Amino acid sequence: MQIRDLEWLLAVADLEHVTDTAAVLGITQPTLSRALARVEGELGARLFERAVDGVHLTPIGQTVAVGAREVVARYDQLLADVRGELDPESGVARLAFLDSMATSLVPQLLREFHAVSPRVRVLLSQKPAHELEADLARGTVDLAITSSRPTGHGWHLLQEERLVVAVPPTHRLAGRSRLRLSDLAGETLVTTPPGYGFRTLVDELLREAGVALDISFESQDLATIEGLVAAGLGVAIVPEAMVGLSGTHGIQILGSPGARRAIGLTWRTDRQLPPAAERLRDAIVDR
């Protein structure tokens, strides 16, 4: 049976006359009768009693009518939900972003977008970079703000961050404004866990500088890392904007041109974005 069959069944139940219902629906009586027979055949029960004055629901028919009204109502709601999500003016856009962007870039972007598209609902999620890529691949998010460009995806650079060495305020290097990573020999490092995009970046910088540091603590959150450094639990390589939140001192890195992190908006190009997500992407790209 089809949703249309259930809708026609309910119309007959309300009007209690097959010929009149067919006329109201704009179909032939045989077409309507076949639809009713199809439903009865699939359910294995007679749903209407034929009488001189028309048709009336049997007890089983009354049970079926209650269920049919729920199914049809849920189907109508489903169509309305889909239309809403496909509406560029009031639909839904799903945006994921790095934790480190939660208090700076993302609020700014959303404030600008809300000013021009106040009815679009933006669903947000904070994830590490490798989880953002997985969510994009699964299609659970439409757009992502990340530090790595997934292969084959659209990409728009939003900003570049200079990386610096964060040290405690009483550290032996705290009076320095510049250093080479080789100057960190013998220090312990606070950084993100293996597998994180930022950890890969830090490991590559240290490898290029020929420096191997013991890891004292690992955290997914760059703000937490800065706090651990301030507490004297090691040094860290972090974006410049993170320095000083808890009293750390930032030192510029010399001789490491790769000591920068690119932050960009990315999206899949192998399928069409939902209208609201496309609207959000265009607003961010064109700002």
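Reading the values: rules and limits
- Residues numbered from 1 in each chain as written.
- Predicted model: local features only at pLDDT ≥ 70, side-chain atom pairs only at ≥ 80, totals over all residues.
- Heavy atoms only, no water.
- Axes fitted to C-alpha atoms, helices over the stretch in contact; angles between N-to-C directions.
- Helix = DSSP H or I, 4+ residues; strand = E, 2+ residues; numbered from the N terminus.
- Parallel < 35°, antiparallel > 145°, perpendicular 65-115°, else oblique.
- Contact = heavy atoms within 4.5 Å.
- Nonpolar A, V, L, I, M, F, W, Y, C, P; charged D, E, K, R; others polar.
- pLDDT = per-residue confidence, 0-100.
- Salt bridge = Lys/Arg side-chain N within 4 Å of Asp/Glu carboxyl O.
- Buried < 20%, exposed > 50% of the residue type's maximum accessible area, 1.4 Å probe, protein only.
- Core = buried A, V, L, I, M, F, W, Y, C linked by side-chain atoms within 4.5 Å.
- Arc of directions from axis to C-beta.
- Phe/Tyr/Trp six-rings, centres within 6.5 Å; stacked < 30°, edge-to-face > 60°.
- Lys NZ or Arg CZ within 6 Å of the ring centre and 35° of its normal.

1. Examining the packing of helix H2 (residues 18-25) against helix H3 (residues 29-43)
One way to put it is that H2 packs onto H3 with a least axis distance of 9 Å and a crossing angle of 110°. Relative to H3, the element H2 lies roughly perpendicular. Of H3, the residues touching H2 (which contributes Val18, Thr19, Thr21, Ala22 and Leu25) are Gln29, Leu32, Ser33 and Leu36. Of the residues contributing to the contact of H2 with H3, the split by class is five nonpolar, four polar and no charged.

2. Overview of the confidence of the model for the protein chain
Per-residue pLDDT for the protein chain averages 92, and the proportion of residues at 70 or more is 100%. Across the protein chain, the secondary-structure element scoring lowest on mean pLDDT is helix H6 (residues 129-138), at 86, and the one scoring highest is strand E8 (residues 188-191), at 97.

3. What about the pattern of salt bridges?
Counting across every chain of the model gives 19 salt bridges. A salt bridge links Glu240 to Arg162, with the nearest nitrogen and oxygen atoms 2.8 Å apart. Taken as a pair, Glu240 in the loop between strand E10 (236-239) and strand E11 (249-254) and Arg162 in strand E6 (residues 153-167) lie far apart in primary sequence, 78 residues in all. The partly exposed category is assigned to Glu240, whose relative accessible area is 39%. In this structure, Asp203 engages Arg199 in a salt bridge whose closest nitrogen and oxygen atoms are separated by 3.2 Å. Of this pair, Asp203 and Arg199 both sit in helix H7 (residues 197-209), separated by four residues, roughly a single helical turn. Given the relative accessible area of 28%, Asp203 is considered partly exposed. One connected set of salt bridges, linked through shared partners, spans Lys127, Asp135 and Arg138.

4. Topic: the environment of Gly41
Along the chain, Gly41 falls in helix H3. It is 9.5 Å that separates the C-alpha atoms of Gly41 and Met1, two residues lying 40 residues apart in sequence.

5. What to know about the nonpolar core
Judged by nonpolar contacts, the single largest core of 29 residues is most densely connected at Val165, Leu181, Leu184, Leu206, Ile237 and Val238. Mapped by element, the contributors of at least two residues to this core are E6, E8, H7, helix H8 (222-230), E10 and E11. With five residues, E6 is the largest single contributor of residues to this core. Excluding anything up to four places from it in sequence, Leu206 contacts Leu181, Leu189, Val211, Leu213 and Ile237.

6. Comments concerning helix H9 (residues 275-285)
When H9 is considered as a whole, its buried residues turn out to be Ala276, Ala277, Leu280, Arg281 and Ile284. End-on, the buried residues of H9 take up no more than an arc of 140°, which puts them together on one face. Tucked inside the fold, the buried residues of H9 contact strand E3 (92-97), helix H5 (105-116), strand E4 (121-126), strand E5 (143-146), E6 and strand E12 (260-268).

7. Let's talk about the packing of aromatic side chains
Here the structure, examined in full by the defined rule, presents zero aromatic pairs. Lying across the ring of Trp267, Arg281 places its NZ or CZ 5.2 Å from the centre.

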